[in-house]
Amino acid sequence: MQAEADVNVAGKQIVLVGAPVDKGAGQRGCLMGPDAYRTAGLADTLEALGHVVADHGNLEPAETGSLTPPNPVVKHYREHVAWTRSLHDKAAALGAAPVVPVYLGGDHAMAAGTVSGQAKAAAALGRPLFVLWLDAHSDFHTFDSTASGNLHGTPLAFLCGLPGFDDLLGAPLRHALSPDNVEILGVRSIDAAERDRLRGLGVGVSDMRRIDEEGIPALLGPFLERVRRANGLLHVSLDVDFLDPDIAPAVGTTVPGGASFREAHLVMEMLHDSGLVSSLDLVELNPFLDERGKTARLMVELTGSLFGRRVFDRPTTSF
């Protein structure tokens, strides 16, 4: 087993990368997300915890030639391919460096690039990549099965190696996730086609009922132990709609009954205590739908908990 200090965030630089992607969502506005996180004090919060933070600014989409969507219902296909390639290359480079990347979204379609890039870097290190998907939705549609055509509902299917996605990187995905290395936590909206695939592939799925019945520690703890036993790297993809919309309204895909303030902080605190997190997505923040920065500030608070902020450190804040 590799020493915990090697996988802990302590002593590593945190790199912020903006991904102003919003063509994958049904409602525009997520392109303002990266700057909303900056305005809400993300870098200051992390630096106050003793971390060194570098902000690499916002990425630009890659150049692509003309592309034909594999399904006419699919929206903004070329833009999705362009962003996936750009984010993949950036994540692959950062995953090979002694840093902890935090990707500031942007809608969840961006994870097709961030996670595939981190998986490529993990493979080069000879270590498996595990993914904790904190989301109200499973995002397990293919281009053929999506009815809405909104591509933020497809990244996890691509990342697990389902067919039909070769355009995204210009070739078949070489470093697909092992489905049993993926845990979806807090889900409460899964379409029938997604449900069948998830069951068939063995992806871990813990919906809100399971959280109600068993609690966060009983569900998250065993997953983290599996990551540790495998000497794995852990990518966390945190969607705003994982949270209950009463505390986090700034998302275009609200589903009632999400994680509470304390449940969400407990997830982040357990992740910090594990010392396993190697990269992070913060996605689906739509500042256009926020209430005086309420959601942005909460997401910054949660990120602070993941990176070591504890109750004794946290000033009282009115949300």
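## Overview of the packing of helix H4 (residues 77-95) against helix H5 (residues 111-124)
Moving on, step 1. For the pair H4 and H5, the least separation of the axes is 7 Å and the interaxial angle reads 35°. Between H4 and H5 lies a crossing of right-handed hand. In contact with His 80, Thr 84, Leu 87, His 88, Ala 91, Ala 92 and Gly 95 of H4, H5 contributes Ala 112, Gly 113, Thr 114, Ser 116, Gly 117, Gln 118, Lys 120 and Ala 121.
Moving on, step 2. In terms of residue class, the contact of H4 with H5 is built from 5 nonpolar, 9 polar and 1 charged.

## Some words on the confidence of the model for the protein
Moving on, step 1. Here the protein shows a mean pLDDT of 93. Residues at 70 or above account for 94%.
Moving on, step 2. Segment residues 1-7 is flagged for pLDDT under 50; beyond a separation of four residues in sequence, or across chains, it makes 14 contacts in the model.

## Details of the nonpolar core
Moving on, step 1. Of all hydrophobic cores here, the largest spans 49 residues; its most connected members are Leu 132, Leu 234, Val 267 and Leu 271.
Moving on, step 2. The residues touching Leu 132, leaving out its near neighbours within four places in the chain, are Glu 183, Leu 185, Leu 220, Phe 223, Leu 234, His 235, Val 236, Ser 237, Val 267 and Leu 271.
Moving on, step 3. Phe 140, Leu 156, Leu 168 and Leu 177 belong to the second largest nonpolar core, which has 29 residues in total.

## Let's talk about the pattern of salt bridges
Moving on, step 1. By the definition in use, this model includes 10 salt bridges.
Moving on, step 2. In this structure, Arg 38 engages Asp 35 in a salt bridge whose closest nitrogen and oxygen atoms are separated by 2.8 Å. Residue Arg 38 and its partner Asp 35 are both found in helix H2 (residues 33-39); the two are separated by 3 residues, about one turn of the helix.
Moving on, step 3. Given a relative accessible area of 25%, Arg 38 falls into the partly exposed group.

## Section: the packing of aromatic side chains
Moving on, step 1. Enumeration over the complete set of coordinates arrives at 4 aromatic pairs.
Moving on, step 2. Taken together, a centroid distance of 5.5 Å and an interplanar angle of 85° make the contact between Tyr 77 and Phe 143 edge-to-face. Of this pair, Tyr 77 sits in helix H4 while Phe 143 sits in the loop between strand S4 (129-134) and helix H6 (155-159); the two residues are 66 residues apart in sequence, bridging distant segments of the chain.
Moving on, step 3. Judged by its relative accessible area of 4%, Tyr 77 is buried.
Moving on, step 4. Between the aromatic rings of Phe 130 and Phe 223, the centroid separation amounts to 6.1 Å while the plane-to-plane angle is 70°, which identifies the pairing as edge-to-face. With Phe 130 in strand S4 and Phe 223 in helix H9 (residues 216-229), the pair connects residues that are 93 residues apart, well separated along the chain.
Moving on, step 5. The exposure class of Phe 130 is buried, given its relative accessible area of 3%.
Moving on, step 6. A relative accessible area of 2% places Phe 223 in the buried class.
Moving on, step 7. Clustering of aromatic rings is evident, with ring pairs tying together Tyr 77, Phe 143, Phe 158 and Phe 165.

## So, the side chain of Asp 107
Moving on, step 1. Within the secondary structure, Asp 107 is located in the loop between strand S3 (99-105) and H5.
Moving on, step 2. Among the polar contacts listed, one links the side chain of Asp 107 to the backbone nitrogen of Asp 22, at a separation of 3.5 Å.
Moving on, step 3. Here Gly 24 takes part through its backbone nitrogen, which lies 2.9 Å from a polar atom of the side chain of Asp 107.
Moving on, step 4. When neighbours within four sequence positions are excluded, Asp 107 is seen to be in contact with Val 21, Asp 22, Lys 23, Gly 24, Ala 25, Cys 30, His 152, Val 283 and Glu 284.

## Some details on the sheet that holds strand S2 (residues 53-58)
Moving on, step 1. Pairing is parallel across the open sheet formed by 8 strands, whose spatial order is S2-S1-S3-S8-S7-S4-S5-S6. The open sheet has two edge strands with one neighbour each: S2 and strand S6 (204-207). Across the sheet, the mean angle from the axis of one strand to that of its neighbour is 15°, orientation sign disregarded.
Moving on, step 2. Relative to strand S5 (residues 182-187), S4 runs parallel, the two sharing 4 bridges.

Rules behind the numbers
The numbers attached to residues start from 1 for each chain and follow its sequence in the written order. It should be noted that, the model being predicted, local features are given only for residues of pLDDT at least 70 and side-chain atom pairs only at 80 or more, the latter also being counted only at that level, while totals for whole chains, interfaces and linings use all residues. To obtain the side-chain values, all non-hydrogen atoms of the structure were used and water was disregarded. Each axis is a line fitted through C-alpha atoms, taken for helices only over the stretch in contact, and angles between the N-to-C directions span 0 to 180 degrees. Secondary structure follows DSSP: runs of H or I at least 4 residues long count as helices, runs of E at least 2 residues long count as strands, and numbering of each begins at the N terminus. A clockwise turn of the near helix away from the far one marks a right-handed crossing, whereas an anticlockwise turn of less than a right angle marks a left-handed crossing. Note on contacts: a residue pair is in contact if any heavy atoms of the two residues lie within 4.5 Å. As a working rule, the residues Ala, Val, Leu, Ile, Met, Phe, Trp, Tyr, Cys and Pro are called nonpolar, Asp, Glu, Lys and Arg charged, and the rest polar, with Gly in that last group. The pLDDT value expresses, per residue, how confident the predictor is, ranging between 0 and 100. As used in this record, nonpolar core signifies buried Ala, Val, Leu, Ile, Met, Phe, Trp, Tyr and Cys residues forming a set joined through side-chain atoms within 4.5 Å. Partly exposed residues are those whose accessible area sits between 20% and 50% of the maximum for their type, while under 20% is buried and over 50% is exposed, using a 1.4 Å probe and protein chains only. Every case where a carboxyl oxygen of Asp or Glu lies within 4 Å of a side-chain nitrogen of Lys or Arg is listed as a salt bridge. In this analysis, rings of Phe, Tyr and Trp, with Trp reduced to its six-membered ring, are considered paired at centre separations within 6.5 Å, and the interplanar angle assigns stacked below 30 degrees, edge-to-face beyond 60, and tilted for intermediate values. Pairs of N or O atoms are called polar contacts if they sit within 3.5 Å, as long as, within protein, a hydrogen donor faces a hydrogen acceptor (for residues adjacent in sequence, only side-chain-to-side-chain pairs). Think of it this way: DSSP has to see at least two bridges between two strands before they count as a pair.

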